[in-house]
Amino acid sequence: GSSGINAEYGVYKRDFKKNSITKFFKAHQKEEWLRERYHPDYVEPRKKELKQWKAARLDIFKKIQGMGYFDETGVCHEDQDKLMKALDAAVILMEGGTTHDLTILDGRDGNSDKPLIAIPVAKMKKDEGEKEEGAADSDDDEGAVKDDDDSETGSEGKLPQPLHKPQSLFVRSLTPLITKEDMLQVVKQQEIPGFLRLAMAEPLPERKYYRRAWVTFAHNTDIKEACSKLMNSKVEKYDHDLNVVVNRELSKRVRMVPPLTRSLYALKKDVTWLETMIEELDKGAGLWIGDSTMKEEEEEDDGSPRDDKMDAGVYNNPLLAELREFATSTLTVPKLDHELDHGETDEDDIHIIKDDKLAVLDKAILYLRVVHMVDFYNGSQFTNEDEMPNKIGVFHIRGPCESSVSKTTLQDVNDWNKQLGEKLQLILDEIRGVT
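Below, the structure is looked at part by part. Here the structure is a predicted model, which means the values were calculated and not measured.

Another point: the overall build of the chain. Broken down by element type, the chain carries 14 helices and 10 strands. Long-range pairs, those at least 24 residues apart, make up 75% of the contacts in the chain with a sequence separation of at least 6. Surface accessibility of the chain: about 22900 Å² in total, with carbon and sulfur atoms responsible for 51%.

Right under this line is the structure:
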């Protein structure tokens, strides 16, 4: 009967899936990306490296916060200049800069995102008048080629350095057999001064599993010369020429999400997501666990195993308590007329809450962005961001609260919550190892 047919079909489906997976592994087993994703010899060191990055990022987050960079800085359109400054400060420290280097951010032109750049002028002068080649058609969705000719003069060392503005080259396509080590060898053979790091993207199935790569150099590298040197080199082992262009600066680092993200009903969902994500990401990276030495000493005295204690509530990120307090104090339906934000709430009552009340939420969103490389409002995670040219790249914030928000319905808010929730769930599944 039909149950027999269903059972047979189930067996067929399982076999088909198993065969497809076997075939896939056989086809790609020699390729580094597959080993990196599944082989314990690769997966474990990578996890360890990610933990180290996050621990360093947490230290920087605390330092920047202590210096007041996040004070009165909302994750919203109105505060985007202050946000950019805070993120740039974090990046300068991530690039090994000092608090002295942070002073370069105070020379920022108020109307532009370009800070003053301190580069020995002799290094750049010879580039003047040369036409930029091969950069305009780079397909990595980043803005116009950077121009450093407006640099400040002065002696290096004395002047703060714009470490948040490294220069980079974009390698369009590498065959899947080429490993990171192969690429590093090519770059090192060229002996280009100022080389910092190399990032290789996940392979693209729709492009025969070819990969893209980014080679990052110090801010004062002669990037055109570096580009022509790499253009003329190849990965000998595979006789593979490198298609290299000067990587363009991120044109839109800060991007907007709809103003309905200020609705009480979006905010309630966000707080729940933020709590879960911060806790799971922190624990996965071993952050905020048994933080004070005092706790560790007590544990050793009472002789119980360290791991039990870890789960017994030694994890303690103060942000979580702040989020819970914020939810109970701020995220309640306003009872009195004067508590309503008139003109921005209609009878459909999506209850818009003003940005100045969202400081705790914004601190949590910034925490995820800086420490865990998660762009919350876009539901995306950049686990290899520390190897990329921009150590803090794209960041989504709440767009301006126009009058159109009054036409927003509760259904719009629910649709947004559902769409964002699905993306955030994928990140959680990845953390939990759900496939």
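Having put the structure on the table, let's press on.
Although it is not a glycine, Glu 191 adopts a positive phi angle of roughly 50 degrees. The residue Glu 191 is located in the loop between helix H7 (180-189) and strand E2 (195-200) in this model. In this structure, Asp 239 takes a positive phi of about 50 degrees despite not being glycine. The residue Asp 239 is located in the loop between strand E4 (234-235) and strand E5 (240-241) in this model. With a relative accessible area of 51%, Asp 239 lands in the exposed category.

Glancing now at the sheet that holds strand E3 (residues 211-217). Spatial strand order, E2-E3-E1-E6: four strands in an open sheet with antiparallel pairing. Here the strands that pair on one side only, and so sit at the sheet edges, are E2 and strand E6 (244-246). Pairs of neighbouring strands in the sheet enclose a mean axial angle of 20 degrees, with direction left out of account. Bridge count between strand E1 (residues 167-174) and E3: six bridges; the pairing is antiparallel.

Counting residues in each nonpolar core, the largest one holds 66 residues, and the members touching the most others are Ile 278, Leu 361, Tyr 367 and Phe 376. Here Ile 278 is in contact with Tyr 315, Asn 317, Leu 319, Leu 320, Leu 323, Ala 364, Tyr 367 and Leu 368, once residues within four sequence places are set aside. Counting 22 residues, the second-largest nonpolar core is a separate cluster that includes Leu 184, Leu 198, Ala 226 and Leu 230.

This next bit is on helix H3 (residues 40-66). The periodicity of an α-helix, 3.6 residues per turn, causes residues three or four places apart in sequence to face the same way. The end-to-end C-alpha separation of H3 is 39 Å, in line with the 39 Å expected for 27 residues at 1.5 Å each. Residues of H3 that are buried: Val 43, Trp 53, Lys 54, Arg 57, Leu 58, Ile 60, Phe 61 and Ile 64. Of the residues trailing H3, Gly 68 is marked for its positive phi of about 85 degrees.

The first and last C-alpha atoms of helix H12 (residues 318-330) sit 18 Å apart over 13 residues, in line with the 18 Å expected at 1.5 Å per residue. Lining the buried residues of H12 we find helix H9 (264-285) and helix H13 (359-372).

A word on the packing of H12 against H13. H13 packs onto H12 with a crossing angle of 145 degrees between their chain directions and a minimal axis gap of 9 Å. For the pair H12 and H13, the crossing hand works out as left-handed. In contact with Leu 319, Glu 322, Leu 323 and Phe 326 of H12, H13 contributes Val 360, Leu 361, Lys 363, Ala 364 and Tyr 367. Among the residues forming the contact of H12 with H13, the class breakdown is seven nonpolar, no polar and two charged.

About the thresholds
- Residues numbered from 1 in each chain as written.
- Predicted model: local features only at pLDDT ≥ 70, side-chain atom pairs only at ≥ 80, totals over all residues.
- Heavy atoms only, no water.
- Helix = DSSP H or I, 4+ residues; strand = E, 2+ residues; numbered from the N terminus.
- Contact = heavy atoms within 4.5 Å.
- Areas by Shrake-Rupley, 256 points an atom, 1.4 Å probe, with all protein chains shown as cover.
- Buried < 20%, exposed > 50% of the residue type's maximum accessible area, 1.4 Å probe, protein only.
- Pairing = 2+ DSSP bridges.
- Axes fitted to C-alpha atoms, helices over the stretch in contact; angles between N-to-C directions.
- Core = buried A, V, L, I, M, F, W, Y, C linked by side-chain atoms within 4.5 Å.
- Expected span 1.5 Å × (residues − 1).
- Left-handed = near helix turned anticlockwise from the far one by under 90°.
- Nonpolar A, V, L, I, M, F, W, Y, C, P; charged D, E, K, R; others polar.

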